[in-house]
Amino acid sequence: MSRHLEALRKYSACDISDGLLNLYNIAHGGYFPNLTQWSGIKRGTIAGKAYTVLFAPISDPRPEINYIDDIPPNSFIIIGLERSLQLAAAPYSTITRALFGGLMATRAQYLGTLGTAVFGRIRDLPEHKKLEYPVFSYNLGACASKGIVKPVAVNETLSIMLPDSSIENIDHDDIIVGDIHGIVRIPKKKVDLDKLINYISKSVEVDEQVADAIKNGAPAKLSQKQIRTKLKEYM
Ligand SMILES: O=C([O-])CC(=O)C(=O)O
Ligand code: NI
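No experiment lies behind these values; they were computed from the predicted model shown. (Residues numbered from 1 in each chain as written. Chains lettered and ligands numbered in written order. Predicted model: local features only at pLDDT ≥ 70, side-chain atom pairs only at ≥ 80, totals over all residues.)

K.L.:
What am I meant to see in the overall build of the chain here?
P.N.:
Looking only at helices and strands, the chain has six helices and eleven strands in total. On C-alpha atoms alone, the chain measures out to a radius of gyration of 19 Å, which is about the 18 Å that the 2.2 N^0.38 rule sets for 235 residues. Projected onto its principal axes, the C-alpha positions of the chain cover 60 × 35 × 30 Å. For the chain, buried positions account for 35% of its 235 residues. Taking contacts inside the chain between residues at least 6 apart in sequence as the whole, the part at least 24 apart equals 72%. (Helix = DSSP H or I, 4+ residues; strand = E, 2+ residues; numbered from the N terminus. Rg over C-alpha atoms; globule rule 2.2 N^0.38 Å. Buried ≥ 20, exposed ≤ 12 C-beta atoms within 10 Å, placed from the backbone. Contact = placed C-beta atoms within 7 Å.)

Put into structure tokens, the structure is as follows:
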């Protein structure tokens, strides 16, 4: 695993989001809302390279592809539905079929994939739990995807609809960090990873100092303001 992925695993999705917002002014700190982590929570933070998979309606002219058998190690599989199938509000998609299941997870894990995030439904939850394979999704489902939607492309940019109907993209090889809070995208085109990781390490250190001050009776707002000024030199 690359040095950057190893380093990012030491932090929470919240820490990464702070860095992306404060250092790069990235919208929403790179966070994609409304995903639940259903399994693999014991593994802690997962940081992998986005391996994007696009699902389209069965009527799409592109043929169905096999995306699962040739995934590079340290990937984070990101499954998205075409724009026309997405909703801004719950349940976030018009598709009730599950896009990922236990057999896919078993293969992904065998290939050294670190986790899967599905902007839609997943099934076979007990299997993901037994594998301790990290799976994130909007919701659960029972029925397979066949006959309704199909995977049509890998490693193309995915467009994900947010609750305000705006669109955020995920590109192939972006770094995706996931934990119990959901997933955060580090856009490879915008971010210097050494600079980001250095900032996050200082920011976590400073937050520990703020926590110590608060435990000793100092007011929270004032402590945050005073102690966090130290971070300016890393920006
Ligand atoms: O059959 C499917 O569509 C997916 C599935 O359940 C599995 O991967 O186990
Ligand atoms: Ni299954």
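K.L.:
What should I look at first to understand the site of ligand 1 in this one?
P.N.:
Taken together, Gly 101, Gly 102, Leu 103, Met 104, Arg 123, Asp 124, Ala 144 and Ser 145 make up the full set of residues adjacent to ligand 1. Split into classes, the residues belonging to the shell around ligand 1 amount to three nonpolar, three polar and two charged. (Near = placed C-beta within 6 Å. Nonpolar A, V, L, I, M, F, W, Y, C, P; charged D, E, K, R; others polar.)

K.L.:
Explanation requested: the UniProt feature "binding site: Mg(2+)" (unreviewed entry) in the chain in the structure shown.
P.N.:
Mapped onto this numbering, the UniProt entry gives "binding site: Mg(2+)" (unreviewed entry) at Asp 124. Residue position: Asp 124 is located in the loop between β5 (115-122) and α4 (125-131). Beyond its immediate sequence surroundings of up to four residues, Asp 124 is in contact with Gly 101 and Gly 102. (UniProt positions renumbered as here; feature names shortened; annotations may be inferred.)

K.L.:
I would appreciate a short explanation of the environment of Ile 148 in the present structure.
P.N.:
Mapping Ile 148 onto the fold places it in the loop between β6 (135-140) and β7 (149-154). Placed 18 residues apart in sequence, Ile 148 and Lys 130 show a C-alpha to C-alpha distance of 28 Å. Once residues lying within four places of it in the same chain are set aside, the contact partners of Ile 148 are Ile 58, Ile 95 and Arg 97.

K.L.:
I'm lost on the confidence of the model for the chain in this one. Help?
P.N.:
Low pLDDT marks regions whose predicted coordinates should not be analysed in detail. Summary statistics for the chain give a mean pLDDT of 97 and a share of 100% for residues scoring 70 or more. Here the prediction assigns the complex a pTM of 0.96, and the interface score ipTM is 0.95. (pLDDT = per-residue confidence, 0-100.)

K.L.:
Help me understand helix α5 (residues 193-215) in this model?
P.N.:
Working note: α-helix, 3.6 residues per turn, so residues spaced by three or four point in the same direction. Helix length check: α5, at 23 residues, gives a terminal C-alpha distance of 33 Å against a target of 33 Å (1.5 Å per residue), a fit within 8%. If you check which residues of α5 are buried, you get Leu 196, Tyr 199, Ile 200 and Ser 203. Where α5 is buried, its residues touch α2 (13-24). Directly beyond the C-terminal end of α5, a positive phi value near 95° is found at Gly 217. (Expected span 1.5 Å × (residues − 1).)

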